[in-house]
Amino acid sequence: MAEKRTNLPQLHLFNSMTKRKEPFQPIVEGKVRMYVCGFGHIGNARVYVAFDVLYRLKTGTPPQNPLLSPLRSCPPPRPPGLEPPALSAPSSLTMAERKTPPQLELFNSMTKKKEPFQPRVEGKVGMYVCGVTPYDFSHIGHARAYVAFDVLYRYLKYLGYEVEYVRNFTDIDDKIIRRANEAGENVTSLSSRFINEFLLDMAELQCLPPTCEPRVTEHIEHIIELITKIMDNGKAYAMEGDVYFSVDNYHEYLCLSGRKLDHNLAGVRVAVDTRKRNPADFALWKAAKEGEPFWESPWGRGRPGWHIECSAMSAHYLGHVFDIHGGGKDLIFPHHENELAQSRAAYPESEVKTWMHNGFVNKDDQKMSKSDNNFFTIRDIIALYHPMALRFFLMRTHYRSDVNHSDSAMEIASDRVYYIYQTLYDCEEVLSKYREEAVSVPIPAEEKKLIDSHHSDFLDYMSDDLKTTDVLDGFMDLLKAINSNLTDLKKLQQKIEQQQKKKQQKQQQQPQKQPEDHIQALIALETEMKDKLSILGLMPPSSLAEVLDEDESELLGGYGGGLSPRPVWRCPKAATVMLVAEIPGGGRRSVSSDS
Ligand SMILES: [Zn+2]
């Protein structure tokens, strides 16, 4: 048996026999015997990948992507290697004192301007980001939002904040009920299935797990309490089992979006419910319809409206006043507007210090929509491109701007990420011969200056409302410096070898740099590059050799055995695309890892 890892949390697995998660205790200490039924067709990849993830938890083999664990708790175990690097210079370097980060400024959608970020409690940040409604595979718009807030989460942690990051699941909703009825599946099973799919997508994109991921159905009592409080304060009314928020009784309504109440009316697409006192009033509680899941409440059987859940869960986990509330800009109205109204109607002291909203994803300059068939799931894209290429692509545009997705933009992102990893791999290869030797020379002045200025620019850009576009562009100078040091070192070594072979007379000219200068420069440049890629979540979870090899070999296979020139770094897997397309619609096989 390989050496058992220590300091890991107790493994919990959902047991279909007992219908609950249980601590996993093998019959024989240190040994596991596992049987998985086999099937013939390709649609079972989902099943085998799920069990492969479990299998890879074995002590000898680290999971290829340590984030790809279906086993989640709150707070989740932190995968090794993803701790934010310390602010101080790497210990292997004798670098001068590094610049301290400037004041972080974030754009607040409420005040419509950039503001210095000051958390309520010194050193701690409470952040709530609206999550998905799990009734289908997540699309690229979801990737846009969660990568944007993952970058913020990672940067806040890098700055030394302790961040309480809450991201919910709307696991009861009209769309879930409709989809479950169509598929002949129960609502909980369908939503749990797509929650798992969403978590796998997030892991692929290296989005760190939030500290807490609550589900609406786990918070019905808090929702009922909140609605009761709003009614007690005279800001909501019940009508035949429904409860509506009364916008006429809440005078700050629309303070976030800055809309006028009649604009709002013009945008109401659903048929006007004549029972409402004002057509803009929105549902807090919906009376149960025939065949729908329901909960008992003071207003009869029913279920929560959409907006109330985030008011209830943000207050439950973060309190009535917290630091950051985020989501896509399409959520400003009505979702966040209604959320704010509900929270303040119940507890007037309720406040979000900074509202943050990310831009849309367009396809070839057109708004993405399912009806126009220019719509992509995360799976569609990562079947064609490496997930880090998608993350890089999304980060190339500032989070508040709209991203324009096109094949050419994805190819460019893919090439850039390939170039970064290839350069770092070449650097690792060369340095592997020298890592054990103590190189005593200082970092050459030229590289030292470059690294210091890169570090300083990185902090300036990130602290200025997360300017990731400039950060990613800034890597190019470091990569150029690595490549030129690699080339010069190689030439120098060849020259020295020749000189030694020929045993000629002493060198007439001393080269400007000795090999150890290049080595020290490379160590410093590589460290800076990897340090910043880790902060941004762009370092691959497996070794660079594996990442580069895997995709290239798959691609060469696909193109007929290495006859093609250096391929574009992506993995066209037609079979996978088909497979992914088949799973959601038909609900062919329930997924064995559902919990
Ligand atoms: Zn929300």
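Residues numbered from 1 in each chain as written. Predicted model: local features only at pLDDT ≥ 70, side-chain atom pairs only at ≥ 80, totals over all residues.

**Q** Give me the lowdown on the confidence of the model for the chain, citing residues and values where you can.
**A** Taken as a whole, the chain shows an average pLDDT of 82; of its residues, 77% reach a score of 70 or greater. With pLDDT under 50 throughout, residues 39-43 is counted as low confidence; its partners more than four residues away or in other chains account for 8 contacts. Counting contacts from residues 571-595, a segment whose pLDDT is below 50, to residues more than four positions away or on other chains yields 46 contacts. (pLDDT = per-residue confidence, 0-100. Contact = placed C-beta atoms within 7 Å.)

**Q** Explain the nonpolar core to me, using residue names and the numbers behind them.
**A** Across soluble globular proteins, nonpolar side chains have a tendency to be buried as a group. Counting 130 residues, the largest nonpolar core has Ile227 and Leu284 as its most contacted members. Residue contributions to this core peak at 13 residues, all from helix H2 (residues 140-158). Sequence-distant contacts of Ile227, defined by excluding residues within four places in its chain, comprise Ala236, Val243, Leu284, Trp285 and Ile308. (Core = buried A, V, L, I, M, F, W, Y, C linked by C-beta atoms within 7 Å. Buried ≥ 20, exposed ≤ 12 C-beta atoms within 10 Å, placed from the backbone. Helix = DSSP H or I, 4+ residues; strand = E, 2+ residues; numbered from the N terminus.)

**Q** Outline helix H10 (residues 387-395), listing residues and values.
**A** In terms of burial, H10 is a largely internal element, 9 of the 9 residues being buried. Three or more residues of H10 are buried, namely Pro387, Met388, Ala389, Leu390, Arg391, Phe392, Phe393, Leu394 and Met395. Buried residues in H10 make contact with H2, helix H4 (187-204), helix H9 (378-382), strand E15 (403-405), helix H11 (407-431) and helix H13 (468-502).

**Q** Before we move on, can you summarise the sheet that holds strand E12 (residues 351-358) with the specific residues and values?
**A** What holds strands together in a sheet is hydrogen bonding between their backbones, with the strands either parallel or antiparallel. Taken together, the 4 strands give an open sheet; going across it, the order is E6-E5-E11-E12, and neighbouring strands pair in parallel fashion. Only two strands of the sheet have a single neighbouring strand rather than two, namely strand E6 (162-167) and E12. Put simply, the sheet's adjacent strands are angled 20° from each other on average, direction ignored. Strands in contact with helix H7 (residues 308-318) are strand E5 (124-129), E6 and strand E11 (321-328); relative to E6, the strand with the most contacts, it is inclined by about 155°. (Pairing = 2+ DSSP bridges. Axes fitted to C-alpha atoms, helices over the stretch in contact; angles between N-to-C directions.)

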